[in-house]
Amino acid sequence: MLGAVAGVCTGYTVQADRDPDPLPPLAQQAMTQAGGGKPPEKLSAAQDRRVRTDGDLRKLLLPRPAGTQKADADQGWLDQYGYAEYFKAPDAMFEELSRGSYRRAALSVWEKGNALTEIHLVQFRDDKELGSRDFLTGQQSYMGGSKWAGNPGEAVPGSDTGRLYVYDHPQTKAGYLPLYTSRALAARGDIVMDIWMYDSKPIPKKTAMALAERQLERL
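Computed from a predicted structure; not experimentally measured.

Student: How would you explain the overall build of the chain if you had to name every residue and give the values?
Tutor: Within the chain, the secondary structure is distributed over five helices and eight strands. Helices (α) and strands (β) of the chain occur, in sequence order from the N terminus, as α-β-β-α-α-β-β-α-β-β-β-β-α. Counting the 219 residues in the chain, one finds 38% classified as buried. Within the chain, contacts between residues at least 6 apart in sequence are counted, and of these 59% link residues at least 24 apart.

Student: Run through the nonpolar core, naming residues and quoting values.
Tutor: Ranked by size, the top nonpolar core spans 27 residues in total, and within it Tyr 83, Leu 97, Tyr 102, Phe 135 and Met 143 carry the most contacts. It is strand E3 (residues 102-112) that provides the largest number of residues to this core, a total of four residues. Those residues in contact with Tyr 83 that sit more than four places away from it in its chain are Leu 78, Leu 97, Tyr 102, Ala 105, His 120, Val 122, Phe 135 and Asp 194.

Student: Before we move on, can you summarise the side chain of Ser 159 with the specific residues and values?
Tutor: With respect to the element layout, Ser 159 can be found in the loop between strand E5 (154-155) and strand E6 (163-166). At 2.8 Å, the side chain of Ser 159 and the backbone nitrogen of Gly 162 are in polar contact. Apart from residues no more than four positions distant in its own chain, Ser 159 is found in contact with Ala 186, Ala 187 and Leu 216.

Student: Describe the confidence of the model for the chain, with residues and values.
Tutor: With 76% of its residues at a pLDDT of 70 or more, the chain has an overall mean of 83. This stretch, residues 7-34, has a pLDDT under 50; its non-local contacts, to residues over four places away or in other chains, come to 35 contacts. Ignoring residues within four places in sequence, the model shows residues 42-49, a span with pLDDT below 50, making six contacts including any to other chains.

Student: So what's going on with the packing of aromatic side chains? Which residues, and what values?
Tutor: Within this structure, the stated rule accounts for ten aromatic pairs. Between the aromatic rings of Trp 196 and Tyr 198, the centroid separation amounts to 6.0 Å while the plane-to-plane angle is 5°, which identifies the pairing as stacked. Here Trp 196 falls in the buried class, since its relative accessible area comes to 0%. Through successive ring pairs, a cluster of aromatic residues spans Tyr 83, Tyr 86, Phe 87, Tyr 102, Phe 124 and Phe 135.

Student: Got a sec to walk through the pairing of strand E4 (residues 115-124)? Specific residues and values, please.
Tutor: For E4, the tally of buried residues reaches eight of ten residues, placing the bulk of the element in the interior. Relative to E4, E3 is paired through ten bridges, and the arrangement is antiparallel. Note that in E4 the partner of Glu 111 across the bridge is Leu 116. What sits between the antiparallel neighbours E3 and E4 is a turn of two residues, in which Gly 113 has the positive phi angle 65°. Inspection of the sheet shows E4 paired to strand E8 (residues 191-199) by eight bridges, in the antiparallel sense.

Student: Give a description of helix H3 (residues 90-99) that names residues and reports values.
Tutor: What H3 keeps buried is the set Met 93, Glu 96 and Leu 97. One side of H3 carries all its buried residues, which in axial view fall inside an arc of 100°. Taken together, the buried residues of H3 touch helix H2 (80-84), E3, E4 and helix H4 (131-141).

Definitions and limits used
Residues numbered from 1 in each chain as written. Predicted model: local features only at pLDDT ≥ 70, side-chain atom pairs only at ≥ 80, totals over all residues. Heavy atoms only, no water. Helix = DSSP H or I, 4+ residues; strand = E, 2+ residues; numbered from the N terminus. Buried < 20%, exposed > 50% of the residue type's maximum accessible area, 1.4 Å probe, protein only. Contact = heavy atoms within 4.5 Å. Core = buried A, V, L, I, M, F, W, Y, C linked by side-chain atoms within 4.5 Å. Polar contact = N/O pair within 3.5 Å; in protein donor to acceptor, adjacent residues only side chain to side chain. pLDDT = per-residue confidence, 0-100. Phe/Tyr/Trp six-rings, centres within 6.5 Å; stacked < 30°, edge-to-face > 60°. Pairing = 2+ DSSP bridges. Arc of directions from axis to C-beta.

The structure is reproduced here in structure tokens:
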């Protein structure tokens, strides 16, 4: 899998590609409907998550917090080419997204002082294969490495496999302020949530986790 270059991060790792193992056929008896065979009532638009996620994906992004300003960066929709550019090897990532049936992505970026926050919502067509879960697993696979967070991260409440990574050490360069980083990765349905935070001072884990939880709730 390829490493992201969201914001100012660099680097990538590659795992061997292999076809997913086929799932065994379901082996269970047909279930009879309760209530004399009456079909269940349709969910309302508020109850049916599919109605929300098939609509304007940008509306599921967290609103920009008070006191912050819109960053001078890409905002709104990202097509497959645009999203692949956020990775160290965009051509290879474009192919990987194609294999995973990439559908679309929405992006919001805001800043306050030296702090910058990026939220990516990446949606896949999970009708034949779970491209969203494959993408999530691939991105999480390298985050514990020393060139990245350097730790296994912490579980994001409300998500079965979501993780928050607060980098152990900042990036440093002579003549520049240190760059502290955190990244939260989680999936709900066919959408992968990818949140990056950067600052010139340490990022509180509590702050990064609260943001991840709020964005996950909107999905």
